[in-house]
Amino acid sequence: MQIIDFRFRPNTQATIDGFTNSTMFKGMFAKIDLTHLVAQEVPEVVEMIKKHNVVKAVITGRDCSMTYDAAANNEGVISFVKDFPEIFLGFMGVDPHKGMNGIYELTRQITEEGMHGAAIDPYLAKIFVNDAKYYPIYSKCCELDIPIVVATGPGTLVPGAVMEHSAPRYIDYVARDFPQLKIIISHGGYPWVEEAIMVTERNENVYMELSEYERHPGGKSYIKAAINLIGDKLLFASAHPGADFRDAIAMYKDFGLSEEIMEQIMYKNAEKVLGL
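On a predicted model such as this, the values are computed, not experimentally measured, just so you know.

Caption draft 1: Focus on the side chain of Asp95. Among the structural elements, Asp95 can be located in the loop between β3 (88–93) and α5 (100–112). Despite its burial, Asp95 pairs with no opposite charge; the closest candidate is Lys98, at 5.5 Å N-O. Reaching out from Asp95, the side chain makes a polar contact with the backbone nitrogen of Ser65 at a distance of 3.3 Å. Every residue in contact with Asp95, bar those within four places of it in the chain, is listed here: Asp63, Cys64, Ser65 and Met66.

As C-alpha cells, then:
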C-alpha cells in the first residue's frame, strides 16, 4: 500500500537543532528525550522512507517571527522540495501579522519556488483562526487553488500562548466563509477531540490529521470516528522525527481498520487534497 505522510520533517541536523533551540518549544522539548535522534543527510532520509512505501511527504513551514523571536524556516523547506520534488511537498508557513508582505511572499513561493500549500499556527500567532488578519491568506489560497494546514496542537510550556487560540471550533467559521478552501486540521484539534471530529464531518472542505495525539487520553474517539464518520476525511501524518514515521505506520496498522478505510487514510484522501 502506498503512503502519503502529511506531516513529515527530514531528520537533519537543522531539524534537531530547531527542536532543541526553539524559542517557542524549548521548554517542551526539554521534557522530551531527544538523545535518540541521529542526524541524517536528506538522500538517506529519502531512501529510508521509500523502503516503507512512503511516496510523498508533506513538509510544513512555520513563521511566527512577529510574535516570537524565531526566524521562519521556509527556505529550508524550499531546499528539500527543490532537491527532491518527486517526494517532498512544501507548505509555506505564513505569519498573519506580516499583512500583505506575507501574501506577496506566499504567491512567490507557490508560483516560483514550487511550494504546494500554506501553513498557519494560530496558537503561536496568538489570535483566533477566524481573525480578520487571516482572511487575506485564505482568499489568496483560494485564488492560487492551494490547501492550507492549520496547526491546532497546543504545545506545552509555550510562553505567552493560550490554548483557546488553537480550538478547532473557530475553523468552522473559516470553512463557512471559504467553502472552496481545502483546510487540514493538523494535530487533531486535541484536546477538543469530539469538536474537531464534528468540524471535519460537517464541512465538505475540512480534513484532519492526528499526528502525535492518536494515543492521548480520548484518542480512541478518533478511531471510532474513522470507522463511522470521517474515514474519507482523515490523513495519515507521522510528525517524524518527533514521532518516528515507522512507528506511526505500525500504529495505524494495529487500529483494526478495514482495508478500504486504511487505503483512504494512508493515501487516497491525501491524494485528493493535494490534487495529485
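Moving on, there is more to tell.
Caption draft 2: The arrangement of empty space enclosed by the protein in detail. All told, the structure shown has one cavity of 30 Å³ or more when counted by the stated rule. Of the residues assigned to the lining of the largest cavity, the class counts are eight nonpolar, no polar and no charged.

Caption draft 3: Local environment of the pairing of β3. Within β3, six of the six residues are buried, leaving the element largely enclosed by the surrounding structure. Across the two faces of β3 the burial is the same, with Phe88, Gly90 and Met92 and Leu89, Phe91 and Gly93 all buried. Sheet topology note: the strand β2 (residues 54–60)/β3 ladder contains four bridges and is parallel. Bridge pairing in β3 links Ile59 to Gly90. Pairing between β3 and strand β4 (residues 117–120): three bridges, direction parallel. By the bridge assignment, Phe91 is partnered in β4 with Gly117. Following the chain from β3 across α5 to the adjacent parallel β4, one finds a crossover that is right-handed.

Calculation notes
Counting restarts for each chain, with residues numbered from 1 along the sequence as it is written. Owing to the predicted nature of the model, reporting of local features is limited to residues with pLDDT of at least 70; listing and counting of side-chain atom pairs is limited to 80 or more, with chain, interface and lining totals taken over all residues. Excluded from the side-chain calculation are hydrogens and water; included are all heavy atoms of the structure. Each helix corresponds to a stretch of at least 4 residues labelled H or I by DSSP, and each strand to a stretch of at least 2 residues labelled E; elements are numbered beginning at the N terminus. Throughout, exposure labels follow a simple rule: accessible area from a 1.4 Å probe, protein chains only, divided by the maximum for the residue type, with under 20% read as buried, over 50% as exposed, and the rest as partly exposed. This count recognises Lys and Arg as positive and Asp and Glu as negative, with His and chain-terminal groups excluded. Take a side-chain nitrogen of Lys or Arg and a carboxyl oxygen of Asp or Glu: if they are within 4 Å of each other, that pair is a salt bridge. Here a polar contact is recorded for every N or O atom pair within 3.5 Å, except that within protein the pair must consist of a potential hydrogen donor and a potential acceptor, and residues adjacent in sequence are included only if both atoms are side-chain atoms. Working rule for contacts: check all heavy atoms of both residues, and any pair within 4.5 Å makes them a contact. Cavity: a set of points on a 1 Å grid over the protein atoms alone where a 1.4 Å probe fits but cannot get out. Pocket: an open set with protein on both sides within 12 Å along at least five of seven lines, its lining residues, like those of a cavity, having an atom within 4 Å of a point. Grid points are joined across faces, edges and corners, and a volume is the space filled by probe spheres set on the points. Three classes are used, and their members are as follows: Ala, Val, Leu, Ile, Met, Phe, Trp, Tyr, Cys and Pro are nonpolar, Asp, Glu, Lys and Arg are charged, and the others, Gly among them, are polar. Pairing between two strands is assigned when DSSP locates at least 2 bridges connecting them. By convention a crossover is right-handed if, when the strands point away from the viewer, the path from the first strand over the helix to the second runs clockwise.

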